[in-house]
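In case you want the letters, here they are:
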Amino acid sequence: MSPRTPRTYWAAGTAVLLALLFAAGATVTAASGDSGTEEARTPGLHSADAGFARDMAVHHQQAVEMSFIVRDRTQDEAVRTLAYDIANTQANQRGMLLGWLDLWGLPKVVAGEPPMSWMGTGGEHAGHAGQSAAPGALMPGMATKEELARLDSASGRDAEVLFLQLMTDHHKGGVAMAEGCAQQCVTPVERELAQGMVDAQRSELTLMADMLGQRGATPRG
């Protein structure tokens, strides 16, 4: 059994509990709108609300995976603490997003729907829908399988630097997506979560730039 498994189960369990609490909050908030129709309370299949929940759940899952990898590849306490914080936060947020999809009766995967297509429905972030991902990456900012393999085979300073560089790219892509939801999503509690992601990940971007500098490295182009 992988040494990452116990903490993974703990994070997943916490995420489920928080998902239920926040999903209930989303129901009450959305239902309090001016219109009493079901359509007004429940986002549609291809809405920004549903698209963001689906895409960010996938995006977050990779951040959790990278965090658990680097935790086992270095003994540096600063990097391990950052990795734990990212894994814990994003696992919980992922549970909320998936909980909302369940609450809305919507699938977690839609066949034929390109990632981030919801960002092209309007608003100032529509241009990000056409933002190209790196070859082999599912969405902008996400690492490729080859990059994940490199991280898993690295150790010490090399693992720390690669993790910080990959997570910097990951956060930049995540911030763009969260900004899109903060502008386009109609469910208030989801917009609030998205804005919270923007604020937290921007702060972590500054921290990671400092940590890279301490290791004689810089973010990737």
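See above for the structure.
Attention in this report is confined to the structure presented alongside it.

Cut-off values and rules
Residues numbered from 1 in each chain as written. Predicted model: local features only at pLDDT ≥ 70, side-chain atom pairs only at ≥ 80, totals over all residues. Heavy atoms only, no water. Helix = DSSP H or I, 4+ residues; strand = E, 2+ residues; numbered from the N terminus. Expected span 1.5 Å × (residues − 1). Buried < 20%, exposed > 50% of the residue type's maximum accessible area, 1.4 Å probe, protein only. Disulfide = S-S within 2.5 Å. Phe/Tyr/Trp six-rings, centres within 6.5 Å; stacked < 30°, edge-to-face > 60°.

Focus: helix α3 (residues 48-71)
Compared with the 34 Å implied by 1.5 Å per residue over 24 residues, the 34 Å span of α3 between its first and last C-alpha is a close match. By the criterion of burial, α3 is predominantly enclosed, with 21 of the 24 residues buried.

A closer look at the state of the cysteines
Considering all chains together, one arrives at 1 disulfide under this definition. At a sulfur-sulfur separation of 2.2 Å, the disulfide partner of Cys-181 is Cys-185. Between Cys-181 and Cys-185, the S-S torsion sits near -120°, and that sign places the bridge as left-handed. The two residues Cys-181 and Cys-185 agree in class, both being buried.

A few points about the packing of aromatic side chains
Under the defined criterion, the tally for this structure stands at 2 aromatic pairs. For the pair Phe-52 and Trp-118, a centre-to-centre distance of 5.7 Å together with 80° between the ring planes defines the contact as edge-to-face. Of this pair, Phe-52 sits in helix α3 while Trp-118 sits in the loop between α4 (77-104) and α5 (145-153); the two residues are 66 residues apart in sequence, bridging distant segments of the chain. Here the aromatic rings of Trp-100 and Trp-104 are separated by 6.4 Å at their centres, their planes lie at 20°, and the arrangement is stacked. With a gap of 4 residues between them, Trp-100 and Trp-104 both fall in helix α4, about one helical turn apart. Among the residues examined, Trp-100 registers a relative accessible area of 0% and is labelled buried. A relative accessible area of 9% means that Trp-104 is categorised as buried.

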